[in-house]
Amino acid sequence: MDSTRIITIDGPAASGKSTLAKKLAQKIGWSFLDTGLLYRALAFAAQRAGLLEKGPEELGRFACQLKIKVLLEKDRNRVFLDGEELTDLLRTPMISRAASQVSAVGQVRSSLRELQKTLGERGNLVTEGRDQGSAIFPKARLKFYLTASPEARAQRRYLELGKDSGPLSAILQSVLERDHQDSTRADDPLVIPAGAVKVDSTDKSLESVFEFMLQKAISVFGVICK
Ligand code: DC
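What comes next is a walk through the structure. Quick caveat: nothing in here was measured; it's all calculated off a predicted structure.

Below, the discussion takes up the pattern of salt bridges. One pass over the full model with this rule turns up 12 salt bridges. Among the salt bridges present, the one from Arg91 reaches Asp34, with a minimum N-O distance of 2.8 Å. Note that Arg91 is positioned in the loop between β5 (84–85) and α4 (93–102) and Asp34 in strand β2 (residues 31–34), a separation of 57 residues in sequence. A relative accessible area of 48% places Arg91 in the partly exposed class. One salt bridge in this structure joins Asp188 and Arg113, with 3.0 Å as the shortest N-O distance.

If you want it as structure tokens, here you go:
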């Protein structure tokens, strides 16, 4: 297997990365990886252990002791912490904020690095996150940087969350806060990776962005669609 047979999709919160990574992977018969889930699992554990308010050193030490495992299934990723499945507990707004916070700690990031690299070793992987093309898989043969205006991203998240979402203005505020936190952290901040194809989906449909990405994947890898 060729470990450069990887497609990375990086971008800010609510830019459509996980939907597109999954759709693309399913279409070309590859696996997909949602790396945000790893940070979410770690944030969940830190919150449960009462460590969120502690400093980076304590968080870093805690992260290094955890045993996180991911199963890449066809239609979803499942995440386990010391054998306990956390998959369905990680999508709350509180965990979103906490994940962004813990992901700024250098030792937290390094504790998850090997796991991500191992998952990419066999290639044929579409992986999404905030550092995939820049730090984890810099040799990936196809990289995307997906973005949209903060307003468009907040609007999408608002529609996705339904009536329990709270006001649109609060979602926009949280999107802006996470953008700031994710792109200003010292370790592996969110950047446009070298060689990435930038896609701004503000005025585009999901279908048209998907078609564009699929055509790129076909031209780079000669993949066959399912
Ligand atoms: O993609 P997501 O919303 O599930 O990610 C949650 C947080 O995890 C995000 O705010 C930043 C962090 N993250 C990261 O720092 N690096 C990644 N590769 C993926 C996520």
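With that settled, the discussion passes to the packing of helix α2 (residues 36–48) against helix α3 (residues 56–65). Two elements in contact, α2 and α3, have axes separated by 11 Å at closest approach and are oriented at 115 degrees. When the interaxial angle is binned, α2 and α3 end up roughly perpendicular. Considering the relative orientation of α2 and α3, their crossing is right-handed. Packed against α2, whose contacting residues are Leu42, Ala45 and Ala46, the element α3 presents Leu59, Phe62 and Ala63 at the interface. Classifying every residue of the contact of α2 with α3 by side-chain character gives six nonpolar, no polar and no charged.

On to the sheet that holds strand β3 (residues 68–72), then. Read from one edge of the open sheet, three strands run β3-β4-β5, paired in antiparallel fashion. Of all the strands in the sheet, just β3 and β5 have a single pairing partner and so form its edges. Bridge count for β3 against strand β4 (residues 77–81) is five bridges, and the pairing is antiparallel. Bridging from a neighbouring strand, Leu71 pairs with Arg78 of β4.

The rules behind each value
Residues numbered from 1 in each chain as written. Predicted model: local features only at pLDDT ≥ 70, side-chain atom pairs only at ≥ 80, totals over all residues. Heavy atoms only, no water. Salt bridge = Lys/Arg side-chain N within 4 Å of Asp/Glu carboxyl O. Helix = DSSP H or I, 4+ residues; strand = E, 2+ residues; numbered from the N terminus. Buried < 20%, exposed > 50% of the residue type's maximum accessible area, 1.4 Å probe, protein only. Axes fitted to C-alpha atoms, helices over the stretch in contact; angles between N-to-C directions. Parallel < 35°, antiparallel > 145°, perpendicular 65-115°, else oblique. Left-handed = near helix turned anticlockwise from the far one by under 90°. Contact = heavy atoms within 4.5 Å. Nonpolar A, V, L, I, M, F, W, Y, C, P; charged D, E, K, R; others polar. Pairing = 2+ DSSP bridges.

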